[in-house]
Amino acid sequence: MTSDTATVAFPPDERLDEARARPLAHELGLTDDELDRIAATLGRMPSVSELGMYSVMWSEHCSYKSSRMHLRGLPTTGPQVLVGPGENAGVVDVGDGLAVTFKIESHNHPSAVEPVQGAATGVGGILRDILTMGARPIAVMDALRFGDPGGWTALDGTTVPPDPHQRHLVDGVVRGVGLYGNCVGVPNIGGETVFDDAYAGNPLVNALAVGVLRHTDLQLARAERSGDVAVLLGSATGRDGIGGASVLASATFEDDGEDRRPNVQIGDPFAEKLLIECCLELYHAGLVSGIQDMGAAGIACATSELSSAASMGMQVDLDRVHLRDATMASWEILCSESQERMLALVRPDRLDEVLAVAARWQVPASVIGEVVEGSTLTLTRRGDVVAAAPARSLADEGPVLDRPSARPERMDALAAVDADAVDLHAEAARLTGGDVTTLLTRALAAPMLASKRWVHEQYDHLVLGGTVLRPGAAGAGVVRLPGTDRAVALSTVGNGRWCELDPREGTRRVVAAAHRDVACTGARPLATTNCLNLGDPTRPDQMWQLVEVIGGLGDACDALDVPVTGGNVSLYNASRGVPIPPTPVVGILGVLTRASDAVGRAVRDDGDELWLIGAPTTRGLAGSQLVRLLGHAPGGVLAPVDLGLERRLADVLVSAVADGTLRSAGSVGRGGLLAALARACVGGGRGAEVTLPDVDGRPATTDGRTLAQALCSESPGRALVSVDAAGARTLVARCEEAGVGAWRLGTVGGDALTLGAVATLPLDVLDRAHHDTLPATMGTTEERR
Amino acid sequence: MGARVGVVTFPGSLDDGDAATALRGVGGDAVALWHEDPDLRGVDAVVLPGGFSYGDALRCGAVAHLAPVMGAVARFAADGGPVLGICNGFQVLCEARLLPGALLRNAHLRFVSRPVDVDVVRTDTPFTGAYPAGQRLRLPVKHGEGRYVADEATLDRLEADGRVVFRYAPGDNPNGSARDIAGVCNAAGNVVGLMPHPEHAVDADLSEGTDGRPMFAGLLDLLAARV
């Protein structure tokens, strides 16, 4: 076989002259410049198969062409980081020879087109990224964003009109996540579900997975040894999902969504369960020298990345690939995104052992090629070469674009809005005849602030026997590492409302919020993954958002010492020309030395004291849920988050959980102190008597504006904790020592949440407000107990 | 090491590891049994764990009951050997006709995963001897097909013969099961199936409490006394 790619004789159906290549390239999403670069690299026009491979490998989804140069600025190293970005998922040292790998990824467009399968395969895909690193997946989480499903009571007492399409999406995505995760046997330990009409035309489905491995079991996606054979493990390759990466993930689509359904893959969680067990057995027997999952861009991606990473070549015979349909064209086989497949490299003398393990788990396996010296990826079909290209050009030499970016003028108008002018008394007079209690109760029952129990109860969160806190019990999910006392805590946070006002500061706040969620459980934050959901990078205003988001992410991860170990960029999230607000979803992982120390946010005992610790409460209604529920136009300025204080607060939280001082802890975030208090009380089934904190040094009850801030400001850096009387002294001492504020709010007990003289919210009313909205909105009240 | 208790793994079994952990936690020797095994390796009792055996192909448990190991389980059960089926294991036992009735899709047509209150109705089975009669347990359920059904005559007979072993507490039936039935046993009382998951409620450091632990501890005590 020649390694000179310029002189290959292709069969007639693979040959392209320039007149045919150019329109085909356009159809596949490649630009003229990109086609010219491909032709220059190859020394000729590409074959049909090569063009297909380049189109997916150089797509936005696989090549990160718009974001790559900006992502280079992120902090990615630290003593805790064993593997940073570039592999399938980052790997973090958690001590005792154990490591944890985690990553979050988007499946937005497939879920918009076909919610059940789109969400299901999102879970399946992220699990394979974790498996590829040599790890057993031990938990998944999902961060979901939809439009408003309607059917709930607005603050003025009217019913928000139901939106059947949003309900269809919510129902389908939740079913899809459950369908896959429940059957594959990995617990779902939480995440977020956000309802906001900004996502009505483009829902966000981001799936996170975490796995555990011994350092010695780490696998890398590298074809390092010539003569190793490539074994395709898993499901047969079919026509599903062809070009998903280029067609769905890398362009905006409008009303023709249903026509794109053949581009959505179909998931088989049973096949994935067997594939997981098969791969883990292969790893433990030391039978694998390199492995890559096949998701986006299928065989094209796996073969080129494995080869490129080790500067080797590979020869692959497509006739050996087990197919669902023998009439598939070569480019279809190469670009198929059929699920539940892995490509493993094994020594030829161990091949029989590998095939025996696969047979035991009923996993189909085909030997499809071998690693060769050189740098060329050569693919044959029926004896003819159909593609011969430098692996590196496919995998690592895709276009890197410095797209123009510009801060849009509308930012000035947004910044000119005074979001902090909200007067709670005036709003109550306008909406509820002056009844503040009703106003607050309705706010807490809005789907954005209400409990997401309806979602969590459709997922198995217990399988594998490590779940320390049920979803919803804390802002982070906590799962014990098998065979140890250690646990990891994981939180995902996004906030498009903040980020649309200021993508850089909004992202800094999002990182701080995820960091705080993790610390509130008692876990020490270690590392970050991220899924950057944004609009169209070819538009300078949206490209500016991307650059600002990445800048804020790097700044905050650096200041909080939680390096970025991996992630995903999802662009072209827009509908009818309107982009989503910039929505970076940040996942932070932390470690608890003793799983049994973990605390949730629910109060535990009557007589315990409630304290607010961290930053003082300041004006913070810009981008807040209160402003949105009141129907005010978005706008305002985000005050900068004090990341130094966030770090000190996390230190206090971690040490005070470890020594048993804290009985509960929860971040003050979306919905402000009001929502945090409601969650703590409802979760614990206990009331509390509370004096609201001062705002910017003024008593909360000074006037209606101060009161709105005291209850609903989303100013960062705050945690609501409970302690017993002895614990209070320890807590105050620790806070003083760390330079962190502490304000005593009141006492746990009684059957109502009493907010000074402002309002008294009976516990049963709060419980219904918190728990009944989603089942009612989704039309399933009859199943409630 | 205490008695040897087999835990069967079918392709798609998910809670097999948790069942083995629960057994080891009370001093048992958990023996891994593979769906293709022709015999039970001399174990003293068998647990069929939760999961999605064979991907729930055809119906839950419909393929698993044809696996070679199930022939051995049926013989073991006929000889009076203690057999516990949890969730999918319960479905498999019903498909194998080792237990009466069937488990259909939840009445509300959704997967349900939450803690429920369950009353122990019968205490003279190998798995419930450590509970006082009428004890209320807090155990998690997690299933899409957990609605227990049988014809009225069968239900009446089960009630009359005292073969309802577990019942969801009034108002806490999570799936629409007939007569709030959460678990039943065979006529001899040695084969028990239930939808709630005792193996997920054995560790005080985890989220679900320890109400499931006596189910395994009681079995081990019984087996120890027999030796």
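Residues numbered from 1 in each chain as written. Chains lettered and ligands numbered in written order. Predicted model: local features only at pLDDT ≥ 70, side-chain atom pairs only at ≥ 80, totals over all residues.

### Considering the overall build of chain A
Stage number 1. Regarding its fold elements, chain A presents 28 helices and 28 strands.
Stage number 2. Computed over its C-alpha atoms, the radius of gyration of chain A comes to 27 Å, within 12% of the 28 Å expected for a compact globule of 785 residues.
Stage number 3. Taken along the three principal axes of its C-alpha coordinates, chain A extends 85 × 55 × 50 Å.
Stage number 4. Relative to all contacts within chain A whose residues are 6 or more apart in sequence, the contacts with residues 24 or more apart total 83%. (Helix = DSSP H or I, 4+ residues; strand = E, 2+ residues; numbered from the N terminus. Rg over C-alpha atoms; globule rule 2.2 N^0.38 Å. Contact = placed C-beta atoms within 7 Å.)

### Topic: the overall build of chain B
Stage number 1. Along chain B, the regular secondary structure elements total five helices and 11 strands.
Stage number 2. In terms of C-alpha radius of gyration, chain B reaches 16 Å, essentially the compact-globule figure of 17 Å for 227 residues.
Stage number 3. Summarising its shape, the C-alpha atoms of chain B cover approximately 40 × 35 × 35 Å along the three principal directions.
Stage number 4. Restricting the contact set of chain B to residue pairs at least 6 apart, pairs at least 24 apart contribute 75%.

### Considerations on the packing of helix H23 (residues 643–658) of chain A against helix H26 (residues 725–738) of chain A
Residues and elements named next belong to chain A.
Stage number 1. At a minimum axis separation of 10 Å, H23 and H26 run at an interaxial angle of 150 degrees. Accordingly, the angle class assigned to the pair H23 and H26 is roughly antiparallel. Handedness of the crossing formed by H23 with H26: right-handed. Contact residues: H23 offers Arg-648, Asp-651, Val-652, Ser-655 and Ala-656, while H26 offers Leu-731, Arg-734, Cys-735 and Ala-738. (Axes fitted to C-alpha atoms, helices over the stretch in contact; angles between N-to-C directions. Parallel < 35°, antiparallel > 145°, perpendicular 65-115°, else oblique. Left-handed = near helix turned anticlockwise from the far one by under 90°.)

### Remarks on the sheet that holds strand S16 (residues 487–493) of chain A
Residue and element names in this part refer to chain A.
Stage number 1. The strand order S14-S15-S16-S21-S17-S18 describes an open sheet built from six strands, whose pairing is mixed. Looking at which strands have only one partner, the edges of the open sheet turn out to be strand S14 (467–469) and strand S18 (564–570). Taking each pair of neighbouring strands and ignoring which way they run, the sheet shows an average axis angle of 25 degrees.
Stage number 2. Bridge analysis of S14 against strand S15 (residues 477–480) gives two bridges, and the strand direction is antiparallel. Across the sheet, residue Leu-469 finds its bridge partner in S15, namely Val-478.
Stage number 3. Across the sheet, helix H21 (residues 540–559) lies against strand S17 (524–533), S18 and strand S21 (583–592), angled at about 175 degrees from S17, the strand it touches most. (Pairing = 2+ DSSP bridges.)

### Focus on the interface of chain A and chain B
Frequently, the measure chosen for interface size is the accessible area that the parts lose on association.
Stage number 1. With 26 residues of chain A at the interface, the matching set in chain B holds 26 residues.
Stage number 2. Taken together, the elements giving at least two residues each to the side of chain A that touches chain B come down to helix H8 (164–184), helix H10 (269–284) and S14 of chain A.
Stage number 3. The residue makeup of the side of chain A that touches chain B, split by class, is 10 nonpolar, 10 polar and six charged. (Nonpolar A, V, L, I, M, F, W, Y, C, P; charged D, E, K, R; others polar.)

### Digging into the pairing of S18 of chain A
The two faces of the sheet receive side chains in turn, since in a regular strand these alternate between them.
All names here are of chain A.
Stage number 1. The element S18 is extensively covered by neighbouring structure, given that seven of its seven residues are classed as buried.
Stage number 2. Of the pairings in the sheet, the one linking S17 to S18 comprises six bridges and is parallel in character. In the strand pairing of S18, Cys-531 is matched with Asn-568.
Stage number 3. The β-α-β motif built from S17, the intervening H21 and the parallel element S18 has right-handed crossover chirality. (Buried ≥ 20, exposed ≤ 12 C-beta atoms within 10 Å, placed from the backbone. Right-handed = clockwise from strand over helix to strand, strands pointing away.)

### Here's the deal with the confidence of the model for chain A
Stage number 1. For chain A, per-residue confidence averages 94 on the pLDDT scale, and residues scoring 70 or more make up 96% of the total.
Stage number 2. Contacts for the low-pLDDT stretch residues 781–785 of chain A, under 50 throughout, to residues beyond four places or in other chains number six contacts. (pLDDT = per-residue confidence, 0-100.)

### Observations regarding the nonpolar core
Stage number 1. Met-57, Val-488, Leu-653 and Leu-677 of chain A are the most contacted members of the largest nonpolar core, which has 270 residues in total.
Stage number 2. When residues of this core are assigned to their parent elements, the largest contribution, 10 residues, is made by H10 of chain A.
Stage number 3. Apart from residues lying up to four places away in sequence, Val-488 of chain A is in contact with Val-94, Val-100, Val-210, Val-479, Leu-481, Ala-523, Leu-589, Gly-590 and Val-591 of chain A.
Stage number 4. Of all hydrophobic cores here, the second largest spans 70 residues; its members include Ala-20, Leu-103, Val-121 and Val-184 of chain B. (Core = buried A, V, L, I, M, F, W, Y, C linked by C-beta atoms within 7 Å.)

### Observations concerning the sheet that holds strand S13 (residues 384–390) of chain A
All names here are of chain A.
Stage number 1. Here we have seven strands laid out as an open sheet, ordered S8-S10-S7-S11-S9-S12-S13, and mixed in their pairing. Of all the strands in the sheet, just strand S8 (290–293) and S13 have a single pairing partner and so form its edges. On average, each strand axis in the sheet is inclined to that of its neighbour by 20 degrees, with strand direction left out of account.
Stage number 2. With five bridges connecting them, strand S7 (residues 229–234) and strand S11 (residues 365–372) associate as antiparallel partners. Residue Leu-232 lies in a different strand from S11, and its bridge partner there is Ser-366.
Stage number 3. This element, helix H11 (residues 298–309), spans S8, strand S9 (313–317), strand S10 (341–346) and strand S12 (376–381) of the sheet and lies at about 155 degrees to S9.

### Looking at the packing of helix H7 (residues 115–132) of chain A against H10 of chain A
All names here are of chain A.
Stage number 1. Running from N to C, H7 and H10 point in directions that differ by 5 degrees, and their axes come no closer than 11 Å. Our classification of the angle between H7 and H10 gives roughly parallel. Residue-level contacts link Gly-124, Leu-127 and Leu-131 of H7 to Pro-269, Glu-272, Ile-276 and Cys-279 of H10.
Stage number 2. Class assignment for the residues of the contact of H7 with H10 results in five nonpolar, one polar and one charged.

### Observations concerning helix H3 (residues 48–57) of chain A
Stage number 1. Burial analysis of H3 of chain A places 10 of its 10 residues in the buried class, which makes it a mostly covered element.
Stage number 2. Along H3 of chain A, the positions that sit buried rather than exposed are Val-48, Ser-49, Glu-50, Leu-51, Gly-52, Met-53, Tyr-54, Ser-55, Val-56 and Met-57 of chain A.

### Observations regarding the confidence of the model for chain B
Stage number 1. Looking at chain B as a whole, the pLDDT averages 96, with 99% of positions reaching at least 70.
Stage number 2. With pTM at 0.95, the complex prediction returns an ipTM value of 0.96.

### Focus on the pairing of S7 of chain A
Residue and element names in this part refer to chain A.
Stage number 1. In terms of residue burial, S7 counts as a mostly covered element, since five of its six residues are buried.
Stage number 2. Pairing of S7 with S10 involves six bridges; the strand directions are antiparallel. The residue bridging Leu-233 from the neighbouring strand is Met-342, located in S10.

### Concerning the environment of Gly-134 of chain B
Residues and elements named next belong to chain B.
Stage number 1. Relative to the assigned elements, Gly-134 resides in the loop between strand S6 (112–120) and strand S7 (136–143).
Stage number 2. For Gly-134, a count of 9 C-beta atoms within 10 Å translates into the label exposed.
Stage number 3. Each C-alpha atom of the pair Gly-134 and Thr-123 lies 8.7 Å from the other, and the pair is 11 residues apart in sequence.
Stage number 4. Residue contacts for Gly-134: discarding those within four places in its chain leaves Asp-119 and Val-120.

### Remarks on unusual backbone geometry
Residues and elements named next belong to chain B.
Stage number 1. One non-glycine residue, Leu-58, adopts positive backbone phi at about 70 degrees.
Stage number 2. Looking at the element boundaries, Leu-58 is found in the loop between strand S3 (45–48) and helix H2 (68–78).
Stage number 3. One non-glycine residue, Arg-97, lies in positive phi territory at about 65 degrees.
Stage number 4. Within the secondary structure, Arg-97 sits in the loop between helix H3 (88–95) and strand S5 (102–104).

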